[in-house]
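Residues per chain, in single letters:
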Amino acid sequence: MSASHPFYKFRLYVAGDALNSAQALSNLATLCRTHLPQRHEIEVIDVFRRPQQALSDGIVMTPTLVKLAPMPQRTIVGTLSHTQTLLQALGLPEIAA
Amino acid sequence: MKPARVDRQPGDEDMAALIAGLHAIGQKLEDLTAGEIDAVADQLGRPFVLRRSQEHGRQQEASRQAAILNALPAHIAVLDSQGVIVSVNDAWRRFADANALHGPRDGLGSDYLRVCDRAWGAHSDEAAQVATGIRAVLQEGLARFSIEYPCHSPTEQRWFLMTVTPLDEARAIGAVVMHLNISERKRSEEELRRFAAAMDATSDAIFLTDRASMRFVHVNDAACRLRELTREQLLALRPWQMLDIPREVLEHSYDRLIAGDADAPGAEVLETHHRRDDGSHRWVELRREAHRSGADWTIVTLVRDISARKQAEQRVSYLAYYDVLTGLANRNLFLDRVNQHLCAAASGGHRLALFLVDLERFKNINDSLGQSAGDALLRQVGHWLSSKAGDASLFARIGADHFAAVLPEVTAHGSVARLLEKTMAAFLEHPFRLNDAVFRIALKVGVALFPEDGSDAETLFKNAETALKKAKASGDRYLFYRQAMTATVAGQLTLENQLRLALEREEFVLHYQPKVTLDGDRLGSAEALIRWNDPRTGLVPPSRFIPVLEETGLIFEVGRWALQQAVADYRRWRLAGLSAVRIAVNVSPLQLRHRGFIAEIEQVIGHDAQAAEGLELEITESLIMEDVRHSIASLQAIRAMGLTVAIDDFGTGFSSLSYLSRLPVDALKIDQSFVSEMNSSPQGLALVSTIIGLAQALQLKVVAEGVETQEQARQLRQLRCDEMQGYLFSRPLACELFEARYLRHC
């Protein structure tokens, strides 16, 4: 994997299939398919099933997206509906144009 | 003054404030997160779902469950704890609409228990059961109730399955009623049941085999019976195991059948043996057909037990080749076997003998003791013959009292005659037991030899038959075939026809030969002798036609005619005032044996006592001795009518003094052979002298036959023989001549 096309690892914390959580997962999946094909990995954590993990990861609100790689780590809360904001937040400005 | 203490009880205001606070916090959170957050966690990490998401989740869950319920074909209703319908799915609604069951609002709110309780008519029983079931689930904690029931509409046969389950197993809060139309399933079950019943009703065994899995998918009762297995055992067997052949072989057969190969085993009917566990063999007919079933093929194998048919066929074939009574071969099989022996004889260069055997007196036994005794005798004879030879295949029964035998290899010249003599002597000595009495049976045998008398079985058989006929007509016990015999037999056939015509045309005549008295040549009596006045050839001697009359049975009619004619002549003489003498008429052995003979004589003489006195019957000695008991009875009956009886050809038979004393006879006729021997040897004279002495001792009249010389006449007079007959005095004369020469007016 070249430095200009790094591999993205995400972790998405959701509250079951609640509305916002489902929207967040859907938006993330669309973004990855469009902008990061073949170079992403999404781990979904349901806080109802694994509340201790959310607690130890310091997650207090769901849905919350954590970009684990590439560094630096970023945390974004919400439905991930605003693509431009999201791209910036994930450090993908060059694709934004 | 101290201020009063007020207890800090949480009051309504506090509670309202708390709730308002919580709402405010919730609203604050919603606002803060712009509605994009579903849950927040407290310090312990426990997620707390925001109200908006909670409501959304509930709605989503409800609509999802409604969608699921509505997608189901079953009619579903939720009852509350009292049995009132609180919710129904689309299927329930549609059914209720179609059947107008529950009034308005799709039955919602109606008391389902009451509906059941009030049901009446054909289905009230089922409705009562349903109500009981629902109550058990609602009130008694029953985990599940189900019932299948028919509910036929005017247009179709319907069945329903109803199940009732509690909404909550722990609390009696209501129940789910599911109501499923199972008519299709019932119909296929019914069809399957009918199909199975039809298959089980047939006596043919049916095996349905799935080609892909090579397993039986269905077998009927007859199949189980055929294999003597239960249905489970049979279904567990694999087809090739059952047939005891390799799997590949059977698969190949099936595939050829599927491919429409006309030569495939089973496409045609196969007949095969099937051995049962108990070792008994069954014949089965096997028919296979391939039927497409979806993407796969089903092989239908029909197996029919055809043992009964096979047994019948074998029985028919047995009947075609065997004599049922004795179990010996019949004529067809015998000729086949002889032909085989002939092949061996021809290649081995040896001779072969074929015998035809006739049982003497068989007809007598059959007539007097009955057919079952006759049958028993035939069986005993068959058994005696085959056990004597040690090989039943050498014998056959070829007629009522005729047997045949083959000697496949004649070893030495003259051995056949020796074998015959020995066997016939042994046979004659053998006591046959019939109805608790012992009988000794004599045989007559005709023999034909290969290669002299024929090269095939048919010819040998025909020639042995000719020899047998000749033996029966003569005094010989057995005769070998000679070519001249055939000409005789052929001649006899035409002779028989001529004799029948002669009887019709009244060509038979009686000639009379006088018997003269001892004292001075006076006429004592006369013997009537039958002659055939053939218009083409003139008088035919009796020796030429009497045997044929006996063989063909014509003797009965001709014999009756002779009696009638003799009586008629006697009456005529008397009426004419002539010195009528007693007339002796010869009786053939066949006549005397015939049951109607006595009645026949009665009829001929009528009630004329004088006619009876004028008639004497001459019966040969050998005939009387063949069946002494029967003879005595017949002779007594004849004499009771006023007739006299003479023993003809006396001395040629085998009478002993003891028999002779018991016989109810009046006269003895010394056979002419003794009379002609009288002058040639002292023994000859002694014999005649003894016979005359015997007759006198028994107070019988004695007549000498064949007296030809004066010397014979002189000696007979010296011995005091009562009457003499012979050419010395007169040959037999035509009636008119006899009348003119011997009968005088009284």
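Every value quoted in this text rests on a predicted model; they were computed, and no experiment measured them.

**Considering the interface of chain B and chain A**
Chain B puts 18 residues into the contact, and the matching count from chain A is 22 residues. Buried area between chain B and chain A, summed over both chains or domains, comes out near 1400 Å², and the portion from carbon and sulfur atoms is 53%. A per-residue breakdown of the area chain B buries against chain A is headed by Glu36, Asp38 and Pro47 of chain B, which together make up 37% of the total. Put simply, chain B and chain A have one salt bridge between them. Linking chain B with chain A are three residue pairs in polar contact (both at pLDDT 80 or more). Here the residues of the side of chain B that touches chain A are counted per class, giving seven nonpolar, seven polar and four charged.

**Brief notes about the pairing of strand 6 (residues 159–166) of chain B**
Residue and element names in this part refer to chain B. Counted residue by residue, strand 6 has seven buried out of eight residues, so it is predominantly covered. The pairing of strand 5 (residues 145–150) with strand 6 spans six bridges and is antiparallel. Along strand 6, the bridge assignment pairs Tyr149 with Phe160. Note that strand 6 and strand 7 (residues 174–181) share seven bridges and pair antiparallel.

**What to know about the sheet that holds strand 19 (residues 478–480) of chain B**
Residue and element names in this part refer to chain B. Read across the open sheet, the five strands follow the order 14-15-13-18-19; overall the sheet is mixed. Looking along the sheet, the strands with just one partner apiece sit at the ends: strand 14 (395–399) and strand 19. Averaged over all pairs of adjacent strands, the angle between their axes in this sheet comes to 20°, without regard to strand direction. In the packing of helix 12 (residues 331–348) onto the sheet, the strands contacted are strand 13 (351–359), strand 14, strand 15 (402–410) and strand 18 (443–450), and the crossing angle to strand 15 comes to about 15°.

**Looking at the packing of aromatic side chains**
Residue and element names in this part refer to chain B. Within the structure shown, the criterion is met by 16 aromatic pairs over all chains. With a centroid separation of 5.7 Å and 40° between ring planes, the pair formed by Trp573 and Phe738 is classed as tilted. Taken together, the residues Trp573 in helix 19 (residues 554–575) and Phe738 in helix 29 (residues 735–742) connect sequence positions 165 residues apart. Residues Trp573 and Phe738 agree in their burial class; the two are buried.

**Concerning the sheet that holds strand 5 (residues 74–77) of chain A**
Each strand in a sheet pairs with another by means of backbone hydrogen bonds, the pair being arranged parallel or else antiparallel. Residues and elements named next belong to chain A. Across the sheet, four strands lie side by side as 2-1-4-5; this open sheet has mixed pairing. Bordering the open sheet on either side are strand 2 (40–46) and strand 5, each of which pairs with just one other strand. Going from strand to strand, the sheet's axes swing by 20° on average, the running direction of each strand aside. In the packing of helix 1 (residues 19–35) onto the sheet, the strands contacted are strand 1 (8–14), strand 2 and strand 4 (64–69), and the crossing angle to strand 1 comes to about 165°.

**Things to note about the nonpolar core**
All names here are of chain B. Counting residues in hydrophobic clusters, the biggest one holds 80 residues, and the most contacted among them are Leu499, Phe508, Tyr512, Ile638, Leu643, Leu716 and Phe738. Ranked by the residues each element gives to this core, the list is headed by helix 19, at ten residues. Those residues within four positions of Leu716 in sequence are excluded, and the remaining contacts are Leu518, Met678, Val688, Ile692, Ala704, Val707, Cys721 and Met724.

**With respect to the confidence of the model for chain B**
If pLDDT is low for a region, its predicted coordinates should not be looked at in detail. Residues and elements named next belong to chain B. Across chain B, pLDDT averages 83, with 90% of residues at or above 70. Scored below 50 in pLDDT, residues 1–8 makes zero contacts in the model with residues more than four places away or belonging to other chains. For this predicted complex, the interface confidence score (ipTM) comes to 0.75, while the overall pTM stands at 0.37.

**Things to note about the environment of Leu694 of chain B**
All names here are of chain B. With respect to the secondary-structure elements, Leu694 resides in helix 27 (residues 682–697). Given the relative accessible area of 23%, Leu694 is considered partly exposed. A C-alpha to C-alpha distance of 9.7 Å links Leu694 and Leu668, two positions 26 residues apart in sequence.

**Quick look at the packing of helix 19 of chain B against helix 29 of chain B**
All names here are of chain B. Where helix 19 contacts helix 29, the axes come no closer than 13 Å and their chain directions differ by 35°. By crossing handedness, the relation of helix 19 to helix 29 is classed as right-handed. Residues Asp569, Arg572 and Trp573 of helix 19 form the contact with helix 29, whose participating residues are Cys735, Phe738 and Glu739. The residue makeup of the contact of helix 19 with helix 29, split by class, is three nonpolar, no polar and three charged.

**Observations concerning helix 18 (residues 542–552) of chain B**
Residue and element names in this part refer to chain B. Of all the positions in helix 18, only Phe545, Val548 and Leu549 are classed as buried. Each buried residue of helix 18 sits inside an arc of 105° when the element is viewed along its axis, so together they form one side. Following helix 18 by one or two positions, Gly553 has its phi on the positive side, about 85°.

**A short note on the packing of helix 21 (residues 597–605) of chain B against helix 24 (residues 628–640) of chain B**
When two helices pack together, you describe them by how their axes are tilted relative to each other and by the distance separating the axes. Residues and elements named next belong to chain B. Relative to each other, helix 21 and helix 24 sit at 10°, their axes nearing to 10 Å. As summarised for this structure, helix 21 and helix 24 are arranged roughly parallel, according to the angle between their axes. Listed contacts from helix 24 to Phe597, Ile598 and Ile601 of helix 21 are Ser634, Ala637 and Ile638. Residue composition of the contact of helix 21 with helix 24, grouped by class: five nonpolar, one polar and no charged.

The rules behind each value
- Residues numbered from 1 in each chain as written.
- Chains lettered and ligands numbered in written order.
- Predicted model: local features only at pLDDT ≥ 70, side-chain atom pairs only at ≥ 80, totals over all residues.
- Heavy atoms only, no water.
- Contact = heavy atoms within 4.5 Å.
- Buried area = accessible area lost by both parts, 1.4 Å probe.
- Salt bridge = Lys/Arg side-chain N within 4 Å of Asp/Glu carboxyl O.
- Polar contact = N/O pair within 3.5 Å; in protein donor to acceptor, adjacent residues only side chain to side chain.
- Nonpolar A, V, L, I, M, F, W, Y, C, P; charged D, E, K, R; others polar.
- Buried < 20%, exposed > 50% of the residue type's maximum accessible area, 1.4 Å probe, protein only.
- Helix = DSSP H or I, 4+ residues; strand = E, 2+ residues; numbered from the N terminus.
- Pairing = 2+ DSSP bridges.
- Axes fitted to C-alpha atoms, helices over the stretch in contact; angles between N-to-C directions.
- Phe/Tyr/Trp six-rings, centres within 6.5 Å; stacked < 30°, edge-to-face > 60°.
- Core = buried A, V, L, I, M, F, W, Y, C linked by side-chain atoms within 4.5 Å.
- pLDDT = per-residue confidence, 0-100.
- Left-handed = near helix turned anticlockwise from the far one by under 90°.
- Arc of directions from axis to C-beta.
- Parallel < 35°, antiparallel > 145°, perpendicular 65-115°, else oblique.

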